[in-house]
Amino acid sequence: MNRKGKLKTLLLYSGIFAVLALFVLYQYYANGRSLINYQGDGYRQDFRAIIYFKDYIKGVVTNLVDNHVLALPQYDLRIGEGGDIYQTLFHGMLNGPFVFLYLLVDNSKLYLMHDFIVFLRLFVTGLGFIYMMSVKGVDNPYALALSALTYVFSFVALASSLIKCYHFINPMIVLPLVIAGIDKVFKKEKPYVLILSVFLMVLYNFYFFYMIAISAAVYTIVKCLVE
């Protein structure tokens, strides 16, 4: 696809995505609610982990500035009677670059940043899907944009982000990249996309890692049989 086609695809996708995202947000905010699931793990685990993460980073930075010591505590007696901080926080809840956006707002505005990050993850999910379809040879801007929007606003994506825990969107971000990486390998191209996507799978969550790995293996076997 040429540069003009890529720009048209991006504008179409971004414009429709913005309208749909604002519509969904309006339904929540008009009823005095945010996207945080207060009756599930969204509040009991994720949101509390976000607040803990902010305090943790603040403590590290304060200690570095005041005492000139870079200390990264690894255990906390307030977590599971002395649990590993990294294992507890980064088990799906606080992983990926988006988490650092929480540091830009105070605690009273965390719910707004949370909702923004939910749709930011969904937006990136669609971009990954567009990339996968482009690798497969689809170059129609309308087909790319609409197929990505169908993927992003599917029941699975919305249920994961709006009903369960937003970190369940992560595998939907990575899966298209894995498939695109496999297709590139079959085309005898450099395997950088596949390597990066596998790295992201491991970074996000081991459960997601082996589930996507199984899906990738099935896809590869079917592709070998078909081609």
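See the structure shown above.
Residues numbered from 1 in each chain as written. Predicted model: local features only at pLDDT ≥ 70, side-chain atom pairs only at ≥ 80, totals over all residues. Heavy atoms only, no water.

Caption draft 1: Examining the overall build of the protein more closely. Summing up its helical and strand segments, the protein has 9 helices and 2 strands in all. Going residue by residue from the N terminus, the α and β elements of the protein occur as α-α-β-β-α-α-α-α-α-α-α. Taking the principal axes of the C-alpha coordinates as reference, the protein spans close to 60 × 40 × 35 Å. In the protein, which comprises 227 residues, the proportion classed as buried is 41%. (Helix = DSSP H or I, 4+ residues; strand = E, 2+ residues; numbered from the N terminus. Buried < 20%, exposed > 50% of the residue type's maximum accessible area, 1.4 Å probe, protein only.)

Caption draft 2: Here's a closer look at the side chain of Ser 197. Residue placement: Ser 197 occurs in helix 8 (residues 192–204). With a relative accessible area of 1%, Ser 197 lands in the buried category. Residues contacting Ser 197, with those up to four places away along its chain left out, are Val 174, Leu 177 and Val 178. (Contact = heavy atoms within 4.5 Å.)

Caption draft 3: Fine view of the nonpolar core. Tyr 13, Phe 17, Leu 35, Tyr 102, Val 118, Phe 119 and Leu 122 are the most contacted members of the largest nonpolar core, which has 40 residues in total. Residue assignment for this core shows that the elements contributing at least two residues are helix 1 (3–29), helix 2 (41–67), helix 4 (110–135), helix 5 (141–152), helix 6 (155–163) and helix 7 (170–186). Among the elements that line this core, the one with the most residues is helix 4, at 11 residues. Beyond its immediate chain neighbours, meaning those up to four positions away, Tyr 102 contacts Ile 50, Lys 54, Leu 110, Met 113, His 114, Ile 117 and Tyr 166. Grouped together as the second largest cluster of nonpolar side chains are 9 residues, Val 174, Ile 182, Tyr 204 and Ile 212 included. (Core = buried A, V, L, I, M, F, W, Y, C linked by side-chain atoms within 4.5 Å.)

Caption draft 4: Quick look at the packing of aromatic side chains. Within this structure, the stated rule accounts for 7 aromatic pairs. When the centroid spacing of 5.9 Å and the interplanar angle of 70° are considered together, the rings of Phe 53 and Phe 100 count as edge-to-face. On the criterion of sequence distance, the pair formed by Phe 53 in helix 2 and Phe 100 in the loop between helix 3 (85–89) and helix 4 is long-range, its members being 47 residues apart. For Phe 53, a relative accessible area of 3% puts it in the buried group. An aromatic cluster is defined as three or more aromatic residues linked by ring pairs; in this entry it consists of Tyr 13, Phe 17, Phe 119, Phe 123 and Phe 153. (Phe/Tyr/Trp six-rings, centres within 6.5 Å; stacked < 30°, edge-to-face > 60°.)

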